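# Descriptive analysis of the structure
Below are the chains, spelled out letter by letter.
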Amino acid sequence: MGHHATMQITFKLYATLTDYLPFDQRRGNQIRLDVPEGASVAEVVAPFNLPPKQVHLVLINGTFVPPAERTSRRLTEGDTLAIWPPIAGG
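Residues numbered from 1 in each chain as written. Predicted model: local features only at pLDDT ≥ 70, side-chain atom pairs only at ≥ 80, totals over all residues. Heavy atoms only, no water.

## Quick look at the nonpolar core
Stated formally: The definition of a nonpolar core used throughout is a set of buried Ala, Val, Leu, Ile, Met, Phe, Trp, Tyr and Cys residues joined through side-chain atoms within 4.5 Å. With a 1.4 Å probe rolled over the protein chains alone, any residue whose accessible area is under 20% of its type maximum counts as buried; one over 50% counts as exposed, and the rest are partly exposed. Counting from the N terminus, the helices are the DSSP runs of H or I reaching at least four residues and the strands are the DSSP runs of E reaching at least two.
Counting residues in hydrophobic clusters, the biggest one holds 22 residues, and the most contacted among them are Phe11, Leu33, Val44, Leu50, Leu81 and Ile83. Going through the elements one at a time, strand 1 (6–13), strand 2 (30–36), helix 1 (41–45), strand 3 (57–60) and strand 5 (80–84) are the ones with two or more residues in this core. No other element matches strand 1, which puts four residues into this core.

Okay, structure coming up:
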């Protein structure tokens, strides 16, 4: 025991949030991430230091994750986690 398994997911940041991705990986606005197996949305996002009010829309495989579920909702191998900031509109 003691060895923590990891899984690979795709992490996508849109619009102004792409600035938080590593510089050399911004072009496709997505990166492959190795995260601990069973990591929650909040745990995956934490290292990127996104301003909480910029984490507006959270989608896992295209399905909306309400704010209340972001600390409890677990990701699985191969998931795509996408985050959109609030879109400024007229």
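Now that the structure has been shown, we can carry on.
## Regarding unusual backbone geometry
Positive phi values are uncommon outside glycine, yet asparagine 49 reaches one of about 55°. In this fold, asparagine 49 is placed in the loop between helix 1 and strand 3. Despite not being glycine, asparagine 61 shows a phi value in the positive range, around 50°. Mapped onto the elements, asparagine 61 comes out in the loop between strand 3 and strand 4 (63–64). Accessibility expressed as a relative area gives 46% for asparagine 61, which makes it partly exposed.

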